[in-house]
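Below, each chain spelled out in residue letters.
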Amino acid sequence: MRVIGICRFSYPALGGFKRMHDSIEAREAYLYSDERLTLRFRHFEALTLPSIAAQKDKRFTFLVVTGERLPKQWSDRLHDVCAAVPQIKIITASPQRHRTAMQEAIQQELDDTQDPSLQFRLDDDDAVDISFVRNIRRTARLAGKLSADWRHLAIEYSNGYSVMLTPDGLRAEKIQAQFYSCGLAVMFRPGDDKTVMNFPHHKLHHKMPTLINPLPEMFLRALHTDNDSSVTLDENALQPLDANQRILFKRRFNVDDDAVRASFATQDRLRDKA
């Protein structure tokens, strides 16, 4: 069974954002500002990348889709930080509708495979448990007979954390969520013309049978000023990690509280020299 994840990294889609722009040029100007990309890389390098790199089951592909005109310094950095993770493929795409671009990237990766596939999506500022790929593969295998008559099957993990990156390290709040994109995977039969990107993640259970596991803490969902989804930023609701949580985040997500502080310190030094 193929396992394919997909991540949109500052891709200038036609639609797909709640923030609207009058033109592709205006959208690229917003997406590619140094201030915004500094924030995105802080999260990608502290959350998404380490959790993907440490997956216990290495049999998967993680597509990172970005724009053709991502500025060179940032494109070079993206390739540099991803180079050590063989499962990552960076794809540059011209502006088109968001779901179309993501669907094409997944279909090209499948390339007429005769194997069923498990597909998941992850924002560039979220993380999953390092057993995520292994768990969804195992769940799909155990559900084989149950799903024989179903075109699609969704697997949902609803337990995780909201997190915020700060100069003093991570702040977190434990949450029980409903159909966040960072806790989901969908099983597809060979040759299906649909992908995980054809379905709004918060409505998957309206379209297909769903297996929900509310027990393992399976995701970290970041909150910050550049969230495209509607979130309420209340730093007081999220608490600094205690000693046990720092160990848990490192063990379960490969996310290092000290690395978060170091990232802010490095960026602040660079800004002070500018």
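Being a predicted model, the structure only gives us computed values, none of them experimental.

Rules of the game
Residues numbered from 1 in each chain as written. Predicted model: local features only at pLDDT ≥ 70, side-chain atom pairs only at ≥ 80, totals over all residues. Heavy atoms only, no water. Helix = DSSP H or I, 4+ residues; strand = E, 2+ residues; numbered from the N terminus. Polar contact = N/O pair within 3.5 Å; in protein donor to acceptor, adjacent residues only side chain to side chain. Contact = heavy atoms within 4.5 Å. Phe/Tyr/Trp six-rings, centres within 6.5 Å; stacked < 30°, edge-to-face > 60°. Lys NZ or Arg CZ within 6 Å of the ring centre and 35° of its normal.

## Topic: the side chain of His152
- Within the fold, His152 resides in strand β6 (residues 152-166).
- A polar contact is formed between the side chain of His152 and the side chain of Arg151, at a distance of 3.5 Å.
- Within the structure, the side chain of His152 is placed 2.8 Å from the side chain of Asp192, a separation counted as a polar contact.
- In this view, His152 contacts Val186, Met187, Phe188, Asp192, Lys194, Phe199, Met208 and Pro209; residues no more than four positions away in its chain are not counted.

## Notes on the packing of aromatic side chains
- Inspection of every chain in the model, using the stated rule, returns 9 aromatic pairs.
- Aromatic pair Phe41 and Trp74: ring centres 5.4 Å apart, planes at 25 degrees, arrangement stacked. Here Phe41 is found in helix α2 (residues 34-53), whereas its partner Trp74 is found in helix α3 (residues 72-82), with 33 residues between them in sequence.
- Put simply, the rings of Phe9, Phe41, Phe44 and Trp74 touch in pairs and so form one group of aromatic residues.
- It is Arg42 that lies over the ring of Phe264; its NZ or CZ is 3.8 Å from the centre.
- Above the face of the Tyr180 ring, Arg221 is positioned so that its terminal group lies 4.4 Å from the ring centre.

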